[in-house]
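What follows is the residue order along each chain.
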There are 2 protein chains.
Amino acid sequence: MADLTALKAAALTEFAASGYLGTSIARIAERAGVSKASVLYHFESKEALLASAVGSAIEELEHLLDRVGTGDLGLEERKVFVEGFVQFLLRNRLAVHIFMNQRGTLADLTVMRRADALIERIAQFLMERTASLDEHMRFGIALGGAAYLLANAGVLPGPQPDDIEVRESLNRILIGLLVPEAAR
Amino acid sequence: MADLTALKAAALTEFAASGYLGTSIARIAERAGVSKASVLYHFESKEALLASAVGSAIEELEHLLDRVGTGDLGLEERKVFVEGFVQFLLRNRLAVHIFMNQRGTLADLTVMRRADALIERIAQFLMERTASLDEHMRFGIALGGAAYLLANAGVLPGPQPDDIEVRESLNRILIGLLVPEAAR
DNA sequence: TCAAATCCTGACCGATCGGTCAGTACTGTG
DNA sequence: CACAGTACTGACCGATCGGTCAGGATTTGA
């Protein structure tokens, strides 16, 4: 029996490095050491394979957003969210890379619309009260920049581990940008 | 005679919206009102069409970097660069979208390697002296976030014009992040 | 006016893709 | 042993893609 986890990992790596459209099922199969037909035996389609490969990342982000709730934005809740978000980014670099860089191109795939809904929730959570253009832009730059930076930092080399220094630096910068009321 | 400018504009729009791999020459031809063979009469290949479509954006960024020089980073030079960079982003949203989201996928295309070299120059220009991890991360977040935010803000709807308010807000935020010595 | 150059197109080609299918090998169970 | 279910594969199919080509239409210029 084939290792479905290894199959999903191979798909995630290839989809992030070469893009969903630029990756053939045959190449994923080759990387995992099975035949193309075998891949399609375990996953009913290429799209289903992508959905399965990024599924855990989507669920992790959903849980993070559920935990923080939809209520009004407390100062402490924001800090908690930022730290959880940074952890999510560091643990799901490849999936985040796919979301960030292929969102528009793959807008017709169900799984991508699901990811879009999560981004929408984050935006609402952070911007509910603030109407100033400067704050909107700063929030967008902070979240988009952090996600993009981590997702694209060496997709192929991937040397940086879940470095604790990087995580703490990110926490500091993002809290400074997203929770301006926080003591400085 | 076909309007080569319209052809390049159609290609730029489709490549940004659907991705280079997800866009067929036939669709670009249809959008421009000509035949597929006619497109390939004016551009020797799909890759050459992409290079031509993003060419002016690349040249504009090259000139910006040449103007600012490679010498040591003066405080005023940084401000000038930031404002020029923001203007570049606002004037080349579609090309920036392609660079940001398809850099890895299209790494084998000559024009993409040229764009990569420019990103490298920007990084060197801003980080020459500073070795602190926090500053590296903050610079990356600021530049990447601003570029990503603008490039992906409504690729299809594209309602926002070169809004003067957006430009000034961006200048303020980026100068605050990239030129910390600046008066506040 | 006429020939050369330019512009443009439909028809075609080989390659690649996602997906199907019939059949084989293996494994567990009664 | 017999049988059933699971895992897996090579061969194949229709569709789409980038690119070629021979030839028709249009423009140019002497």
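It should be noted that the structure appears before, not after, this text.
Heads up: these notes are all about the structure in this document. Since we're looking at a predicted model, the values are computed, not measured.

Considerations on helix H6 (residues 93–102) of chain B
Residues lying three or four places apart along an α-helix face the same way, a consequence of the helix completing one turn every 3.6 residues. Of all 10 residues in H6 of chain B, 9 are buried; the element is thus mostly enclosed. Buried residues of H6 of chain B: Arg-93, Ala-95, Val-96, His-97, Ile-98, Phe-99, Met-100, Asn-101 and Gln-102 of chain B, and no others.

Thoughts on the nonpolar core
Ranked by internal contacts, the top residues of the largest apolar core, which has 122 residues, are Leu-50 and Phe-81 of chain A together with Leu-50 and Phe-81 of chain B. Those residues in contact with Leu-50 of chain A that lie beyond four places of it in its chain are Phe-15, Tyr-20, Ile-98, Leu-106, Leu-109, Val-111 and Met-112 of chain A.

Some points on the protein's contact with DNA strand D
As a structural note, the neighbourhood of DNA strand D is formed by 15 residues, with Ala-2, Ser-35 and His-42 of chain A together with Lys-36 and Lys-46 of chain B the closest of them. Close to the protein, within 4 Å, the atoms of DNA strand D belong to sugar or phosphate groups at a rate of 54%. Here Ser-35 of chain A contributes a side-chain N or O atom positioned 2.9 Å from a phosphate oxygen of DNA strand D. Contact distances for DNA strand D include 3.3 Å between a phosphate oxygen and a backbone N or O atom of Thr-23 of chain B. Counting only elements with at least two residues in the surface near DNA strand D, the list comes to helix H3 (36–42) of chain A together with helix H3 (36–42) of chain B.

With respect to the pattern of salt bridges
Applying the stated criterion across every chain, the model contains 16 salt bridges over all chains. In this structure, Asp-134 of chain A engages Arg-172 of chain B in a salt bridge whose closest nitrogen and oxygen atoms are separated by 2.7 Å. With Asp-134 of chain A in helix H8 (residues 133–152) and Arg-172 of chain B in helix H9 (residues 164–178), the pair connects residues from two separate chains. Judged by its relative accessible area of 21%, Asp-134 of chain A is partly exposed. Judged by relative accessible area, which is 44%, Arg-172 of chain B ranks as partly exposed.

Quick word on empty space enclosed by the protein
Going through the model one piece at a time under the given rule, you end up with 1 cavity of 30 Å³ or more. Taken as a whole, the largest cavity holds about 130 Å³ of empty space. As for the largest cavity, its lining consists of 16 residues, and the residues nearest its centre are Gly-19, Gln-102 and Thr-105 of chain A together with Gln-102 and Thr-105 of chain B. Of the residues in the lining of the largest cavity, the class split is 4 nonpolar, 12 polar and no charged.

Some points on the relation of the copies chain B and chain A
Expressed as a screw operation, the relation of chain B to chain A combines 0.0 Å of axial shift with a rotation of 180°, fitting to an RMSD of 0.0 Å. In short, the pair behaves as if placed about a two-fold rotation axis. For chain B, the smallest separation between a C-alpha atom and the rotation axis is recorded for Gly-145 of chain B, amounting to 1.7 Å. Taken together, the interface assignments show that 100% of the residues at the interface of chain B recur at the interface of chain A, consistent with an identical surface on both copies.

Some points on the packing of aromatic side chains
All names here are of chain A. Enumeration over the complete set of coordinates arrives at 7 aromatic pairs over all chains. Feature note: the residues Phe-81, Phe-85 and Phe-88 constitute an aromatic cluster, connected by ring pairs. The cationic tip of Lys-46 hangs over the ring face of Tyr-20; the distance from NZ or CZ to the ring centre is 4.5 Å.

Some details on the side chain of Ser-169 of chain B
Take Ser-169 of chain B: it is sitting in helix H9. A polar contact is formed between the side chain of Ser-169 of chain B and the side chain of Asp-134 of chain A, at a distance of 2.8 Å. For Ser-169 of chain B, the residues in contact, after removing those within four places along its chain, are Leu-133, Asp-134 and Met-137 of chain A.

Some words on the protein's contact with DNA strand C
If you check the shell around DNA strand C, you find 15 residues, and the closest are Lys-36 and Lys-46 of chain A together with Ala-2, Ser-35 and His-42 of chain B. Within 4 Å of the protein, atoms of DNA strand C come from sugar and phosphate in 54% of cases. Looking at the surface near DNA strand C, the elements that each hand over two or more residues are H3 of chain A together with H3 of chain B. With 4 residues, the top contributor of residues to the surface near DNA strand C is H3 of chain B. Grouping the amino acids of the surface near DNA strand C by side-chain chemistry returns 7 nonpolar, 6 polar and 2 charged.

The rules behind these values
- Residues numbered from 1 in each chain as written.
- Chains lettered and ligands numbered in written order.
- Predicted model: local features only at pLDDT ≥ 70, side-chain atom pairs only at ≥ 80, totals over all residues.
- Heavy atoms only, no water.
- Buried < 20%, exposed > 50% of the residue type's maximum accessible area, 1.4 Å probe, protein only.
- Helix = DSSP H or I, 4+ residues; strand = E, 2+ residues; numbered from the N terminus.
- Core = buried A, V, L, I, M, F, W, Y, C linked by side-chain atoms within 4.5 Å.
- Contact = heavy atoms within 4.5 Å.
- Near = heavy atom within 4 Å.
- Polar contact = N/O pair within 3.5 Å; in protein donor to acceptor, adjacent residues only side chain to side chain.
- Salt bridge = Lys/Arg side-chain N within 4 Å of Asp/Glu carboxyl O.
- 1 Å grid on protein atoms, 1.4 Å probe; cavity = no way out; pocket = protein on both sides within 12 Å on 5 of 7 lines; lining within 4 Å.
- Points joined across faces, edges and corners; volume = space filled by probe spheres on them.
- Nonpolar A, V, L, I, M, F, W, Y, C, P; charged D, E, K, R; others polar.
- Least-squares fit on C-alpha atoms with pLDDT ≥ 70 in both.
- Phe/Tyr/Trp six-rings, centres within 6.5 Å; stacked < 30°, edge-to-face > 60°.
- Lys NZ or Arg CZ within 6 Å of the ring centre and 35° of its normal.

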